[in-house]
Amino acid sequence: MGLPLRILLSTVAFAALLAWAPNARAECPQPYPGDQLVSDLQVMQLSLRNLDDATFAAAGKRLDTGIECLTSAAPSPVFASAYRYIGAWHFMVGNDPVKARRWFRTSLEIDPTYAWDATELELAHPMREIFEDERQVAPLGLTAIEGFVVNQPAGSKVTIDGRPLTEAAATVDRPHVIQQVAGDRGVRGSWLIEGNAIPPQFLRDAMAPVPADPSEPVAKVKKPKKGSENLTQPSEGLQVQTVARLRPGEKTPLLIGGVLGVLGAGGVYAASFAVRSQFEQANTTEDLEKTRTMTNALVVASGGVLLLGAGIGYWGIILDGGGGVGIAGHF
């Protein structure tokens, strides 16, 4: 066999291998495993709370670059957190509020009730305003790809932002991540798309006959042995764990102090009425001046106590322990 023929056959074989490999992605600099995603999300949350700009920027760059190369199946709450922090990274580090809005939009589509914690993002931070703006447009309806339906690969399912893709449609003006997830939870590929630009391999003509789905052998499920019913085996991929919010120790005293402050303001203001009646009954200039001064002082004091009590109570209400959704991975 001559050298040119060998080169030709080698080239064809290599091209066929690339076409067959389900995870081959030319635009991915390197795979982004689930444990790295978990680590970056945790680092970004802590660095945002601790005002560690350099650490936040480094983790955000890894997350922004790696989200389209994710090699683990992730549920929708994980995607919501990832999109939210990617948006925060674009706003704070990239100085790009337009991109930030787009990621916030998808995040709020998945988790419309999320609100930034007071210890994570200060109340006057400008990013809060654009985040709340996107809350209004996040629930916009799906835009369908006319004439097409979803083509589910045999032995796999297609997800969008961690949710099953059941129709050829998606919300527009925002990014999404499409994943092909096999029955064993292994990811065959991840795609970052714009709007409803679903990869063509997952679409088929709505008028075409449904392709036959080859039957797969059904694995027998063994009954657990007695006494082992409560044992669970970890599944591959990312999982969501609900973590109770930690109630800060100072929260209760602040709330109580706020209530007492408001009540105290009412008591001081009521006392001013009694002194005012003495002012109206005064018969001498000295008594008039004395009761007038005391009345004004009590009114001013009641206003100050009211503001102090309201401020203490408000901070007690917004103070949070930073709980929420935790992410666990089994790989």
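Residues numbered from 1 in each chain as written. Predicted model: local features only at pLDDT ≥ 70, side-chain atom pairs only at ≥ 80, totals over all residues. Heavy atoms only, no water.

Hey, could you go over the nonpolar core for me, with residue numbers and the actual values?
Leu-37, Leu-63, Ile-67, Phe-79, Tyr-85, Trp-116 and Met-127 are the most contacted members of the largest nonpolar core, which has 36 residues in total. Listed by contribution, the elements that provide at least two residues to this core are α2 (34-49), α3 (53-66), α4 (76-92), α5 (97-110) and α6 (126-137). With residues up to four places along the chain from it excluded, the contact list for Tyr-85 reads Leu-41, Met-44, Gln-45, Leu-48, Phe-56, Leu-63, Trp-116 and Glu-120. By size, the runner-up hydrophobic cluster in this structure holds 13 residues, among which are Ile-160, Ile-193, Ile-198 and Phe-202. (Core = buried A, V, L, I, M, F, W, Y, C linked by side-chain atoms within 4.5 Å. Buried < 20%, exposed > 50% of the residue type's maximum accessible area, 1.4 Å probe, protein only. Helix = DSSP H or I, 4+ residues; strand = E, 2+ residues; numbered from the N terminus. Contact = heavy atoms within 4.5 Å.)

Hey, could you go over the pattern of salt bridges for me, with residue numbers and the actual values?
Under the criterion given, the structure shown has 10 salt bridges. Note that Glu-109 and Arg-174 form a salt bridge whose closest N and O atoms lie 3.0 Å from each other. Here Glu-109, found in helix α5, pairs with Arg-174, found in the loop between β5 (169-170) and β6 (175-182); they are 65 residues apart in sequence, far enough to count as distant. For the residue pair Glu-109 and Arg-174, the accessibility class agrees, reading buried in each case. With a closest N to O distance of 3.9 Å, Arg-188 and Asp-184 form a salt bridge. Arg-188 sits in the partly exposed class, given a relative accessible area of 29%. Each of the salt bridges in this network shares a partner with another, and the network as a whole consists of Arg-101, Arg-105, Asp-133 and Glu-134. (Salt bridge = Lys/Arg side-chain N within 4 Å of Asp/Glu carboxyl O.)

Can you break down the packing of α3 against α4 residue by residue, with the values?
One can describe the packing of α3 onto α4 by two numbers: an axis separation of 9 Å at closest approach and a directional angle of 125 degrees. On the basis of the axis angle, α3 is oblique to α4. The hand of the α3/α4 crossing is left-handed. Listed contacts from α4 to Phe-56, Ala-57, Gly-60, Lys-61, Leu-63 and Asp-64 of α3 are Ala-82, Tyr-85, Ile-86, Ala-88, Trp-89, His-90 and Met-92. Of the residues that constitute the contact of α3 with α4, the class distribution is nine nonpolar, two polar and two charged. (Axes fitted to C-alpha atoms, helices over the stretch in contact; angles between N-to-C directions. Parallel < 35°, antiparallel > 145°, perpendicular 65-115°, else oblique. Left-handed = near helix turned anticlockwise from the far one by under 90°. Nonpolar A, V, L, I, M, F, W, Y, C, P; charged D, E, K, R; others polar.)

Provide a residue-level description of the packing of aromatic side chains, including the pertinent values.
Tallying each qualifying case throughout the model produces eight aromatic pairs. Pairing Phe-79 with Tyr-83 gives two aromatic rings, centres 5.7 Å apart and planes at 45 degrees, and the pair type is tilted. Of the two residues, Phe-79 and Tyr-83 are both situated in helix α4; the distance of four residues between them amounts to about one turn of the helix. Exposure remark for Phe-79: the relative accessible area of 2% places this residue in the buried category. (Phe/Tyr/Trp six-rings, centres within 6.5 Å; stacked < 30°, edge-to-face > 60°.)

Can you lay out the environment of Val-149 for me, pointing to particular residues and giving the numbers?
Relative to the helices and strands, Val-149 is located in strand β2 (residues 148-150). Here the alpha-carbon distance between Val-149 and Arg-204, two residues 55 residues apart in the chain, equals 5.7 Å. What Val-149 contacts, discounting residues up to four positions off in sequence, is Ala-168, Phe-202, Leu-203, Arg-204, Asp-205 and Ala-206.

Before we move on, could you go through the side chain of Arg-84 and cite the residues and values that matter?
In this fold, Arg-84 is placed in helix α4. Of the side chains with opposite charge, Asp-111 lies nearest to the buried Arg-84, which makes no salt bridge, at 4.3 Å. With near-sequence residues (within four places) excluded, Arg-84 lies in contact with Phe-104, Ser-107, Asp-111, Tyr-114, Trp-116 and Phe-131. (Lys, Arg positive; Asp, Glu negative; His and termini not counted.)

If you had to explain α3 to someone new, which residues and values would you point to?
The α-helix advances 3.6 residues per turn, and as a result positions three or four apart in sequence lie on the same side. The end-to-end C-alpha distance of α3, which contains 14 residues, comes to 20 Å, matching closely the 20 Å that a straight helix rising 1.5 Å per residue would cover. Taken together, the buried positions of α3 are occupied by Phe-56, Ala-59, Gly-60, Leu-63 and Gly-66. All buried residues of α3 lie within an arc of 140 degrees about the axis, which places them on one face of the element. Residues of α3 that are exposed and point more than 90 degrees away from the buried face comprise Asp-53, Ala-54 and Lys-61. Where α3 is buried, its residues contact α2 and α4. (Expected span 1.5 Å × (residues − 1). Arc of directions from axis to C-beta.)

Before we move on, could you go through the pairing of strand β3 (residues 156-160) and cite the residues and values that matter?
Where burial is concerned, most of β3 is hidden: four out of the five residues are buried. In this structure, β3 lies alongside β6, joined through five bridges in antiparallel fashion. By the bridge assignment for β6, Thr-159 is matched with Gln-179. By the bridge criterion, two bridges tie β3 to strand β4 (residues 163-164) in an arrangement that is antiparallel. Note on β4: the bridge partner recorded for Ile-160 is Arg-163. Between the antiparallel neighbours β3 and β4 lie two residues, among them Asp-161 with a positive phi of about 55 degrees. (Pairing = 2+ DSSP bridges.)

Please provide a residue-by-residue account of the sheet that holds β4, values included.
Read across the open sheet, the four strands follow the order β4-β3-β6-β7; overall the sheet is antiparallel. Each edge of the sheet is formed by a strand with only one pairing partner; in this case those strands are β4 and β7 (187-194). Note that β6 and β7 share seven bridges and pair antiparallel. For Gln-180, the partnering residue across the bridge sits in β7 and is Gly-189. With respect to the sheet, α5 is in contact with β4, β6 and β7, its orientation differing from that of β6 by roughly 55 degrees.

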